[in-house]
Number of protein chains: 2
Amino acid sequence: MPAPMRAALDAARAAANAGEVPVGAAVVANGAIIAVAANAPRTLHDPTAHAEIRAIRAAAEVLGSDRLEQCDLWVTLEPCAMCAGAIAHARIARLYYGAEDAKGGAVAHGPRFFAQQTCHHRPEVYSGIGEDEAAGLLRAFFAERR
Amino acid sequence: MPAPMRAALDAARAAANAGEVPVGAAVVANGAIIAVAANAPRTLHDPTAHAEIRAIRAAAEVLGSDRLEQCDLWVTLEPCAMCAGAIAHARIARLYYGAEDAKGGAVAHGPRFFAQQTCHHRPEVYSGIGEDEAAGLLRAFFAERR
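The rules we used
- Residues numbered from 1 in each chain as written.
- Chains lettered and ligands numbered in written order.
- Predicted model: local features only at pLDDT ≥ 70, side-chain atom pairs only at ≥ 80, totals over all residues.
- Heavy atoms only, no water.
- UniProt positions renumbered as here; feature names shortened; annotations may be inferred.
- Helix = DSSP H or I, 4+ residues; strand = E, 2+ residues; numbered from the N terminus.
- Buried < 20%, exposed > 50% of the residue type's maximum accessible area, 1.4 Å probe, protein only.
- Contact = heavy atoms within 4.5 Å.
- Least-squares fit on C-alpha atoms with pLDDT ≥ 70 in both.
- Pairing = 2+ DSSP bridges.
- Axes fitted to C-alpha atoms, helices over the stretch in contact; angles between N-to-C directions.
- Salt bridge = Lys/Arg side-chain N within 4 Å of Asp/Glu carboxyl O.
- Polar contact = N/O pair within 3.5 Å; in protein donor to acceptor, adjacent residues only side chain to side chain.
- Nonpolar A, V, L, I, M, F, W, Y, C, P; charged D, E, K, R; others polar.
- Expected span 1.5 Å × (residues − 1).

Asker: Mind showing me how you'd approach the UniProt feature "binding site: Zn(2+)" (unreviewed entry) in chain A here?
Answerer: Within this numbering scheme, the UniProt entry marks His-50, Cys-80 and Cys-83 of chain A as carrying the feature "binding site: Zn(2+)" (unreviewed entry). The largest pairwise C-alpha distance within this set of annotated residues, which runs over 34 residues, is 9.3 Å, so the set is compact in three dimensions. By the element assignment, His-50 of chain A lies in the loop between α2 (41-44) and α3 (51-63). By relative accessible area, His-50 of chain A is classed as buried at 17%. Apart from the residues lying within four places of it in its own chain, the contact partners of His-50 of chain A are Asn-39, Cys-80, Met-82 and Cys-83 of chain A together with His-89 of chain B. Other than its neighbours up to four places away in sequence, Cys-80 of chain A contacts His-50, Glu-52, Gly-104, Gly-105 and Ala-106 of chain A together with His-89 of chain B.

Structure (structure tokens):
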């Protein structure tokens, strides 16, 4: 398991322990993890506080720029439209994600945002890394709440 | 001009004066404006700092909840995919926007996010309010920079 996806999965597990849907993300610049974040909209009272948004904002703060052109984003779940849009705005170079999200994903499902003509930056996309563990965390979380 | 769009247009003008693409937004709850924000990604070193995201985050903080079910969002420009996604996550009741954005909009253009099956909440949408002034601010901003 690549270290950034390990960090993202650990953040996802922490999210579950906090009662949040277990999704985690990490941003890598020049081979170093510069930001790790967990999904936290309820805890933070912030509907935009998905793991990807939080990791991108933290990385941009670290780098002092709104452009993360040298950065890769690792996330345990296929990004939604909000997060795919943020990835494009941030000019993320490569996106690595774990589990597919047929219900809310916007990369391989629904709007397939990066394939839209109105998308002005397309990262390279790699999926399926850590998929079993990422999907398992989500299944366990929702099973407990049913 | 409705007061929330007036506030959003004033925020857009302030954005232009700060060197940012002139877009502004306001959130209304029970008839009162509870948040106003300008587009500020460069100033804040935050690629997610569109006017809508900032206004939604501020309103959620005011209300102490990640759900803005009683709230309306007013914005000078058609929201992009990131912001349309955030509007859905926040459960915004009504969206009022000014100018159309054929190049980057995600409501009436591109992914038309609210019409996607993977969109889990659709606000009522009203467009064209304050459109001339909103579009004029954008045209002047980009003309100056050409």
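That shown, we press on.
Asker: In this structure, what is going on with the relation of the copies chain B and chain A? I would like to understand it.
Answerer: Its rotation angle being 180°, the transformation that places chain B on chain A also includes 0.0 Å of axial translation and leaves an RMSD of 0.0 Å. Both copies are brought into coincidence by an operation consistent with a two-fold rotation axis. Among all residues of chain B, the minimum C-alpha distance to the rotation axis is found for Met-82 of chain B, at 1.8 Å. The overlap is high: 100% of the interface residues of chain B also sit at the interface in chain A, so the same surface is used on both sides.

Asker: I would appreciate a short explanation of unusual backbone geometry in the present structure.
Answerer: With the exception of glycine, the majority of residues adopt a negative phi angle, and the majority of peptide bonds are in the trans configuration. All names here are of chain B. A positive phi angle is found at Asn-30, which is not glycine, with a value near 50°. Among the structural elements, Asn-30 can be located in the loop between β1 (24-29) and β2 (32-38). A positive phi angle, near 40°, is found at Arg-112, a position not held by glycine. Relative to the helices and strands, Arg-112 is located in the loop between β4 (94-99) and β5 (124-127).

Asker: Is there a simple way to think about the sheet that holds β4 of chain B in this case?
Answerer: Where strands meet in a sheet, backbone hydrogen bonds hold them as pairs that are either parallel or antiparallel. Residues and elements named next belong to chain B. With respect to topology, five strands assemble into an open sheet ordered β2-β1-β3-β4-β5, the strand pairing being mixed. Edge positions in the open sheet fall to β2 and β5, since each of these has one partner strand only. Going from strand to strand, the sheet's axes swing by 15° on average, the running direction of each strand aside. Each of β3 (71-77) and β4 touches helix α5 (residues 131-145); the most contacted strand, β4, lies at about 55° to it.

Asker: Is there a simple way to think about the interface of chain B and chain A in this case?
Answerer: On the chain A side, the residues contacting the 32 residues of chain B number 32 residues. Along the contact surface separating chain B from chain A lie two salt bridges. With a shortest N-O distance of 2.8 Å, Arg-57 of chain A and Asp-46 of chain B are connected by a salt bridge. The interface formed by chain B and chain A holds six residue pairs in polar contact (both at pLDDT 80 or more) in total. Among the elements of the structure, α2 (41-44), α3 (51-63) and α4 (81-89) of chain B are those that each provide at least two residues to the side of chain B that touches chain A. Grouping the constituent residues of the side of chain B that touches chain A by class yields 13 nonpolar, 13 polar and six charged.

Asker: Could you clarify how one ought to interpret the sheet that holds strand β3 (residues 71-77) of chain A in this entry?
Answerer: Residue and element names in this part refer to chain A. Across the sheet, five strands lie side by side as β2-β1-β3-β4-β5; this open sheet has mixed pairing. Of all the strands in the sheet, just β2 (32-38) and β5 (124-127) have a single pairing partner and so form its edges. Geometrically, the sheet is characterised by an average inter-axis angle of 15° between neighbouring strands, direction not taken into account. As paired strands, strand β4 (residues 94-99) and β5 are joined by four bridges and run parallel to one another. Pairing of Tyr-96 across the sheet is with Tyr-126, part of β5.

Asker: Teacher, can you tell me more about helix α1 (residues 3-17) of chain B here?
Answerer: Since one α-helical turn is 3.6 residues long, residues separated by three or four positions face the same way. Residue and element names in this part refer to chain B. Helix length check: α1, at 15 residues, gives a terminal C-alpha distance of 21 Å against a target of 21 Å (1.5 Å per residue), a fit within 8%. The complete set of buried residues in α1 reads Pro-4, Met-5, Ala-7, Ala-8, Leu-9, Ala-11, Ala-12 and Ala-15. Turning to α1, the residues buried within the fold contact β1, β2, β3, β4 and α5. Looking at the residues trailing α1, positive phi occurs at Gly-19, about 80°.

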